[in-house]
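Close look at the chain arrangement
Here are the chains, one letter per residue:
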Amino acid sequence: MSLTTTFSSAFLIVLVSLMLCSFIRTSTAISSQDYANALEKSILFFEGQRSGKLPSNQRLTWRGDSGLSDGSSYHVNLAGGYYDAGDNMKFGFPMAFSITLLSWSVVEFSSSMGNQLDNAKGAIRWGTDYLLKATTATPGTLYVQVGDPNLDHKCWERPEDMDTPRNAYKVSAQNPGSDVAAETAAALAAASIVFKDTDPSYSTELLQTAMRVFDFADTYKGSYSDSLNSVVCPFYCSYSGYHDELLWGASWIHRASGNASYLLYIQTNGQTLGADEDDYSFSWDDKRAGTKILLSKDFLEKRSEEFQLYKAHSDNYICSLIPGTHNFQAQYTPGGLLYKESESNLQYVTSTAFLLLTYAKYLRSNGEVASCGSSTVTAENLISLAKRQVDYILGDNPAKISYMVGFGDRYPLHVHHRGSSLPSVHTHPDHIGCNNGFEYLYSRSPNPNILVGAIVGGPDSRDQYTDDRNNYQQSEPATYINAPFVGAAAFCFSETARK
């Protein structure tokens, strides 16, 4: 290593340290027990989002059965799954992504989950059981949504009271949806790794179904946004197109199966599907950064030259997050929070923290660093930055508020969530109609039911947060905010506990 490179690397480490220290800090200290608590609650949140017949071990007992007849008008069984956020919709695209990220969390950090591993697997299985129904209910089709969002959003109802149309929407050869189908394949493949040792027959079913759904996605190419139009847009439009999901889905099946045909698919189609494109966010819509990190593992561990490109682009993504690097372009609030968008910003924070920690694991395990021009960034640098994001969410921020409901002494009380904001069906069994629920939306009283573990949309670019149920941009939780946080919290728990 040259003297110039050594100096640059040392200077970069100083810059990263100064960046972390320069953000406004509070006296909040997050302990290993706090991380364990946050991990438990981040998984518990998914029980509040359940649709279908609830099990006897349901822990958020203010919820009740709902959506039991979903799909019946079409002579299929689509009961189960998750409501995506604060409404009563089952959107297949973000649901599948949430299951992929929950599964990835377990794949990478199961050894750090302790007594929460079974709960994490339970949350995954609740989703994959539904996705299996959606993929097999009708041959040659994939059901991708239950509920009419335009009508659902005109009501403020508990899921147990739903009387809005429960239309079921599907993609097919004639009306393709490569994006949602390939994401579903990714979810099933990732989950197959989770259950490989403990339930091999279920794991095999998941992987075989993932392969069939991926073949469907790849054979009948097209975006589900074009096929379903206003049913999915502007709610969960596939703005990035479907190429990123095809590469993402193939990558997960490659990792789950080791089948050489998927390696060949990645090698043959990678360039067309965005392998050489840099993108600096990772979300339910855009999988490019996540795919690069996922495939970089093959290069770092096996020195597979065909994956060196993905390591290089993973480095580009990492460098974009760190001030002082040649590729830096991220924005941070004065308090140190990664800031992408005014609506549901914490989804980008949790997904970024997860990717940082996953890549740090890969680098650390193989004695590698990230290259940022003439400088290098270590796994420890990535861990520090990711941990700062996790700690901010848990209350180490200028507002001194936890953005996880039920965690800490101060957290959001007026969460934009129908089931949480309306009286529980167990305490108020009488039906609350579509329009009658709005008095609870506009009420200044705290939500009567605590949606424990929910991470809300979060503060603005100046670290300001308004605890207002009507302010859905900041106060609405979502499954895809929590899913990557599960892995991040597990890592932080084990990392802090061993020090």
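A few points on the structure.

Taken in spatial order, the three strands make up an open sheet running E1-E2-E3, and their pairing is antiparallel. For this open sheet the edge positions go to strand E1 (90–91) and strand E3 (168–172), each flanked by a neighbour on one side alone. Note that strand E2 (residues 141–146) and E3 share five bridges and pair antiparallel. Within the sheet, the bridge partner assigned to Thr141 lies in E3 and is Ser172.

Our next topic: unusual backbone geometry. A cis amide bond links Cys233 to the next residue, Pro234, at an omega of 10 degrees. Along the chain, the position of Pro234 falls in the loop between helix H8 (224–228) and helix H9 (243–257). Unlike most non-glycine residues, His75 shows phi in positive territory, near 65 degrees. Tracing the chain through its elements places His75 in the loop between helix H2 (32–48) and E1. In the Ramachandran plot, Asn229 falls in the positive-phi region, its phi being about 50 degrees despite a non-glycine side chain. Looking at where Asn229 falls in the secondary structure, it is placed in the loop between H8 and H9. Classification of Asn229 as partly exposed rests on a relative accessible area of 46%.

For the rest of this paragraph, the subject is the pattern of salt bridges. Counted according to the given criterion, the structure contains 23 salt bridges. Here Arg166 ties to Asp70 by a salt bridge, and the two come within 3.0 Å at their closest N and O atoms. With Arg166 in the loop between helix H5 (149–152) and E3 and Asp70 in the loop between H2 and E1, the pair connects residues that are 96 residues apart, well separated along the chain. For the pair Arg166 and Asp70, a shared accessibility class is recorded, and that class is buried. Note that Asp391 is salt-bridged to Lys387, the shortest N-O span being 2.9 Å. Linking Asp391 with Lys387, this pair stays in helix H14 (residues 379–393), spanning four residues, or about one helical turn. Residue Asp391 is classed as buried on the basis of its relative accessible area of 5%. Residues participating in the shared-partner salt-bridge network are Glu277, Asp279, Asp286 and Arg288.

For the rest of this paragraph, the subject is the packing of aromatic side chains. Two aromatic rings are characterised by how far apart their centres lie and by the angle between their planes. Per the stated rule, a full pass over the model turns up 24 aromatic pairs. With a centroid separation of 5.4 Å and an interplanar angle of 70 degrees, the aromatic rings of Phe45 and Phe46 are classed as edge-to-face. No difference in accessibility class separates Phe45 from Phe46, as the two residues are buried. An aromatic cluster of at least three residues, connected via ring pairs, comprises Phe97, Trp104, Phe109, Trp248, Trp252, Phe282, Phe354 and Phe491. In this arrangement the basic side chain of Arg125 is found over the ring face of Phe195, its NZ or CZ atom lying 5.7 Å from the centre. Across from the ring centre of Tyr202, 3.7 Å away, lies the NZ or CZ of Arg125, which sits over that ring.

Right, let's talk about the pairing of E2 for a bit. Across the six residues that make up E2, a large majority, six, are buried. In terms of strand pairing, E1 meets E2 through two bridges, oriented antiparallel. Residue pairing for E2: Lys90 is matched across the bridge by Val146.

Once that is clear, we can look at the state of the cysteines. The full count for this structure, using the stated rule, is three disulfides. With a sulfur-sulfur separation of 2.0 Å, Cys155 is cross-linked through a disulfide to Cys434. Sign of the S-S torsion, about -90 degrees for the bond between Cys155 and Cys434, identifies this disulfide as left-handed. Here Cys155 is found in the loop between H5 and E3, whereas its partner Cys434 is found in the loop between helix H15 (418–421) and helix H16 (438–441), with 279 residues between them in sequence. By the burial criterion, Cys155 is buried, and Cys434 matches it. Between the sulfur atoms of Cys319 and its disulfide mate Cys372 the distance is 1.9 Å.

What counts, and at which threshold
- Residues numbered from 1 in each chain as written.
- Predicted model: local features only at pLDDT ≥ 70, side-chain atom pairs only at ≥ 80, totals over all residues.
- Heavy atoms only, no water.
- Pairing = 2+ DSSP bridges.
- Helix = DSSP H or I, 4+ residues; strand = E, 2+ residues; numbered from the N terminus.
- Buried < 20%, exposed > 50% of the residue type's maximum accessible area, 1.4 Å probe, protein only.
- Salt bridge = Lys/Arg side-chain N within 4 Å of Asp/Glu carboxyl O.
- Phe/Tyr/Trp six-rings, centres within 6.5 Å; stacked < 30°, edge-to-face > 60°.
- Lys NZ or Arg CZ within 6 Å of the ring centre and 35° of its normal.
- Disulfide = S-S within 2.5 Å.

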